[in-house]
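Observations on chain architecture
Listed below, chain by chain, are the residues.
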Amino acid sequence: MNKLPVIQPAGLKAARAAAAAKASTHYDREASRVVVNIAQTPWPSTNYKRRVVAFSAAGDAAAFAKPESGKSNYWDCTFALTKAIIGAGMMPIPHAFNLLGWVAACGSLLGVAGLTYWTNTVMVQGSAETGEASYAGLAGRLVGPAGSALLQAALFGFCFGVMAVYLVVIGDILAGAPGAANGLISEVAGIKSGPALVRSNCILAVAAGVCAPLVALRDISKLSVFNVLGVGAVMLLAAAAGLLGLTAVITGVAHAPPVAPNLAAFGDTPLKISMGMAGVLPIILNCYVGHQSIHGIMGMLTPYSVQEMKAVCAGSLALGCAIFLVLGLGSVAAFGPGVSSNILNNLSASGMAPLIGSQAAAVLSVLMLSVLVRGGFLVSLLGSFALLMFPLRTCLIELLWGKTLAAAGSGPAKAAKTAEIESKNYPLLTYGILASTVATAVLVPDIWAALSIVGDLASTVQAFVVPGLIGLALVGGKHLSAAFPGSAKGSGAQRAVALLVLALGVALFGNGILQRVLA
């Protein structure tokens, strides 16, 4: 099998000198078959660094910079990607356990995590091969204009829809269910009625007071502390569910998780049952979608290497999967058939009291746990909201300035032009997106219907369909060197996985359309 040539420091120095002499000449990917390692390059008009692929003698001189061997920020990047993955999409997981049974639910969580890791590595390898610094650019280079347009629509729909859902969930955490006075405001401040318990008012207050300053940050690495706190909060949510399940087991009131699917919940005909069960998979897929943030994390990782970035993807998915399993199994054991499609409703003080007791100390501990768990998850959602602003802003730039970016070329030149446009229009783009998501969140009546639509029609495309097509292009080698693992023995296996991912994505997308047509 042909292996990717790696230029060592001495070779890189010579390549850098050769590139400087040819700086006015745009590289020809087909004419230059020698690929150098990924180099650190300042991202124009921003305060953080991104990596781009530098090609040898025919490369762009601006792409060459001395590789640094500083302290690794692997965990910062892993937490950042985990934070991008974990959000409101995890709240229906316990309900999915009740619907599918624990065997199928655990299998689905593990299986989707494995396929998602493959799609992440395809993106990382594809960027190393092409030098594209965005997901849409990578899709356009390998899949073509139609693939890029499809991905841009899916990315925009996913990021925008999920950001709006996050705001709705934040409003519900603070205000509680209508008329129930069981939100954080009621539990902490004792307020039982009034404008403070109106969800839309809470959304507007959080957007103005917290989201507006957060999205003003131009450096994704400045969210590192926020990301660690957010992941910790999500882990606390899962731990609380696990401890409640364990408490139920010890006290003898635990519910046995169902083994087989609850077929009656999906419909009364084989077709409805099949479609209903398939419709749960996009909900699970939603939990793992972080593809829109991969390139941002690549720009954050130091020192960069393809293998280290793949390790970041593996670490974040493993952490997320562990959290989802604990949350699902613990919640079902604690609450059984009464588990809500929004697990936070069960984790209110009133929902947890029957498991812990009615004594004064128990009541106080329940209240503290409720505040910590739901308040921590609120922090988690705020971090996710800020992270999603980065890919959504890039996606909007590619939609609005597509012709300008196409004229700039590809790879480093396109990345530099994107950064220039972003710098000039940063406030307008950022706060225009914020205002639009706030308006949508105020109008959305049912977040779960919204999450289902996002999963069926957006997550399937960006997480399975497009990566499957990219994988086929890489294995085929029509546009690339023979660097992708699989040029010889592995090509059959890689092609089979790519076809599986593509077929699954298309099937789930079609199922989502059909369900809505027949509804």
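Residues numbered from 1 in each chain as written. Predicted model: local features only at pLDDT ≥ 70, side-chain atom pairs only at ≥ 80, totals over all residues. Heavy atoms only, no water.

**What about the packing of helix H3 (residues 93-100) against helix H4 (residues 102-130)?**
Closest axis-to-axis distance for the H3/H4 pair is 6 Å, and the angle between their directions is 130°. Taken together, H3 and H4 sit at an angle that is classed as oblique. The segment H3 lies against H4, with Ala96, Phe97 and Leu100 engaging Trp102, Ala104, Ala105, Cys106, Ser108 and Leu109. Among the residues making up the contact of H3 with H4, the classes are represented as eight nonpolar, one polar and no charged. (Axes fitted to C-alpha atoms, helices over the stretch in contact; angles between N-to-C directions. Helix = DSSP H or I, 4+ residues; strand = E, 2+ residues; numbered from the N terminus. Parallel < 35°, antiparallel > 145°, perpendicular 65-115°, else oblique. Contact = heavy atoms within 4.5 Å. Nonpolar A, V, L, I, M, F, W, Y, C, P; charged D, E, K, R; others polar.)

**A word on the pattern of salt bridges**
A full pass over the atoms with the stated rule returns eight salt bridges. The shortest N-O distance in the salt bridge between arginine 141 and glutamate 132 comes to 3.6 Å. A relative accessible area of 24% means that arginine 141 is categorised as partly exposed. For glutamate 132, a relative accessible area of 5% corresponds to the buried category. Residue aspartate 172 is joined to arginine 199 by a salt bridge in which the shortest nitrogen-to-oxygen separation is 4.0 Å. You can see aspartate 172 sitting in helix H6 (residues 145-175) and its partner arginine 199 sitting in helix H8 (residues 199-215), a full 27 residues away along the chain. Residue arginine 199 is classed as partly exposed on the basis of its relative accessible area of 22%. Taken together, the salt bridges that share partners define one network made up of Lys417, Glu420 and Lys424. (Salt bridge = Lys/Arg side-chain N within 4 Å of Asp/Glu carboxyl O. Buried < 20%, exposed > 50% of the residue type's maximum accessible area, 1.4 Å probe, protein only.)

**A short note on the packing of aromatic side chains**
Evaluated as defined, the whole model comprises four aromatic pairs. For the pair tryptophan 75 and phenylalanine 79, a centre-to-centre distance of 6.1 Å together with 40° between the ring planes defines the contact as tilted. Of this pair, tryptophan 75 and phenylalanine 79 both sit in helix H2 (residues 74-85), separated by four residues, roughly a single helical turn. Put simply, the rings of Tyr74, Trp75 and Phe79 pair up and form one aromatic cluster. Geometry around tyrosine 426 places arginine 218 over its ring, the cationic atom sitting 4.1 Å from the centre. It is arginine 393 that lies over the ring of phenylalanine 390; its NZ or CZ is 5.1 Å from the centre. (Phe/Tyr/Trp six-rings, centres within 6.5 Å; stacked < 30°, edge-to-face > 60°. Lys NZ or Arg CZ within 6 Å of the ring centre and 35° of its normal.)

**Observations regarding the side chain of asparagine 286**
Checked against the element boundaries, asparagine 286 lands in helix H10 (residues 270-286). Asparagine 286 gets classed as buried once you look at its relative accessible area, which sits at 7%. Within polar-contact distance, the side chain of asparagine 286 engages the side chain of serine 459 at 2.5 Å. The contacts of asparagine 286, once residues within four sequence positions are left out, are Ile85, Phe158, Leu451, Val454, Gly455 and Ser459. (Polar contact = N/O pair within 3.5 Å; in protein donor to acceptor, adjacent residues only side chain to side chain.)

**Structural notes on helix H12 (residues 306-335)**
Given a rise of 1.5 Å per residue, 30 residues ought to cover 44 Å, and the 43 Å separating the end C-alpha atoms of H12 matches this to within 8%. Following H12 by one or two positions, glycine 336 has its phi on the positive side, about 60°. (Expected span 1.5 Å × (residues − 1).)

**A word on a nonpolar patch on the surface**
Among the surface-exposed residues, Leu271, Ile513, Leu514, Val517 and Leu518 lie close enough to one another that they form a single nonpolar patch of about 470 Å² accessible area. The element contributing the most residues to the nonpolar patch is helix H19 (residues 491-518), with four residues. In this fold, leucine 514 is placed in helix H19. We classify leucine 514 as partly exposed; its relative accessible area is 38%. (Patch = residues over 30% accessible without salt bridge, like charges linked within 9 Å, V, L, I, M, F, W, Y side chains within 5 Å. Areas by Shrake-Rupley, 256 points an atom, 1.4 Å probe, with all protein chains shown as cover.)

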